[in-house]
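Letter by letter, the chains look like this.
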Amino acid sequence: MPTRPGAAFDAFLDSTAPRAAERRDWTPEDGALPALYLSHGAPPLFDEAEWMDQLFAWAQGLPKPKGVLIVSAHWEAAPLMISSPDPGTPLVYDFGGFAQRYFEMQYSTPDASAMAARVAAAMPDTEPLHRHASRGLDHGAWVPLKVMYPYGDVPVLQLSIPTHDPDRLIDLGRRLRPLREEGYLVIGSGFMTHGLPFVDFHHPDRVPGWSEDFDLWASEALARGDIDSLARYRSQAPGMPYAHPTVDHYVPLFVTYGAASDQEQAATTVIDGYWFGLSKRSFQLA
């Protein structure tokens, strides 16, 4: 634990975050926003200056979206659900063992009712969308977005993961694709490797073989635009099941691919490297 939890985030707010005011709003002339997959970290992200700078620069390189629709690994629920669209939606502190400061952080976002209506309209009758009136934003959503859009001036809506099936998730993303053309940012939020039970927290710079092997395999498949290989990760990916003893942090990338204009395009990696041996690989698709 750092001497003063969140000190790097305080420095970020003072020195870097003010540049967010330079962003211009998305306009139709900008065309479709990219679809993103990001490794979201946990509350200690606020102690990682380099990682915060990378996330902020990523958002800074895009027009300010009309809203963010984010699929977080930390909300697995069927039937398909969306979080409360009310302004100032509360946060879900779905973690433990961290400093008290992280439980006191806030991220008050604007009304997302227009986005909620648009998402509901995109769903077929066979996939009804339940509006969860009290569900807030979990840390897979608010932790990275608090860095990417530090002033909470972009509406945010969270969508649940109703299945782990790649084909169904790709189809879900495909239905969200038109939102990108309307100025909404679609994000799958997970972690490229997430073998927490097998991490040596006493040696944060040590990268386990299973994490490095899985990341290399994923990076090569992403560079080829090989969605078929990515979908067969259980049988093809090295490092399994250690890299993903549960697959909730991997499968959001299929929503990202579904929302892309072409499911066979090469991904652009924006962030790579490791945190406590876990791959931070994050990418975008046109």
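The coordinates are above.
A. Quick look at the overall build of the protein chain. Helix and strand counts for the protein chain come out as 10 helices and 10 strands. A compact globule built from 286 residues should have a C-alpha radius of gyration of about 19 Å, and the protein chain, at 18 Å, falls within 12% of that. Projecting the C-alpha coordinates of the protein chain onto the three principal axes gives extents of approximately 45 × 45 × 35 Å. Here the protein chain, with 286 residues, has 56% of them falling under the buried criterion.

B. Representation of the packing of aromatic side chains. Evaluation of the coordinates by the stated rule reveals 24 aromatic pairs. Ring geometry for phenylalanine 95 versus phenylalanine 98: centroids 5.9 Å apart, planes at 65 degrees, classification edge-to-face. For phenylalanine 95, a relative accessible area of 14% gives the class buried. With a centroid separation of 5.5 Å and 45 degrees between ring planes, the pair formed by phenylalanine 201 and phenylalanine 276 is classed as tilted. Of this pair, phenylalanine 201 sits in the loop between strand S6 (184-190) and helix H7 (209-224) while phenylalanine 276 is found in the loop between strand S8 (274-275) and strand S9 (278-279), placing the two residues 75 residues apart along the sequence. Exposure remark for phenylalanine 276: the relative accessible area of 23% places this residue in the partly exposed category. Among the aromatic residues, those joined into a cluster by ring pairs are Phe9, Phe12, Phe46, Phe56, Tyr93, Phe95, Phe98, Tyr102, Phe103 and Trp142. Here arginine 135 stacks its cationic end above the ring of tryptophan 75, 4.3 Å away from the centre of that ring.

C. Just unusual backbone geometry, in detail. With an omega of 5 degrees, the peptide bond between alanine 78 and proline 79 qualifies as cis. As for its placement among the helices and strands, proline 79 is situated in the loop between strand S2 (67-76) and strand S3 (81-82). For the peptide bond that leads from methionine 240 to proline 241, omega is 0 degrees, which places it in the cis range. With respect to the helices and strands, the residue proline 241 is situated in the loop between helix H9 (233-236) and helix H10 (252-259).

What counts, and at which threshold
- Residues numbered from 1 in each chain as written.
- Predicted model: local features only at pLDDT ≥ 70, side-chain atom pairs only at ≥ 80, totals over all residues.
- Heavy atoms only, no water.
- Helix = DSSP H or I, 4+ residues; strand = E, 2+ residues; numbered from the N terminus.
- Rg over C-alpha atoms; globule rule 2.2 N^0.38 Å.
- Buried < 20%, exposed > 50% of the residue type's maximum accessible area, 1.4 Å probe, protein only.
- Phe/Tyr/Trp six-rings, centres within 6.5 Å; stacked < 30°, edge-to-face > 60°.
- Lys NZ or Arg CZ within 6 Å of the ring centre and 35° of its normal.

Taken by themselves, the reported measurements are silent on function.
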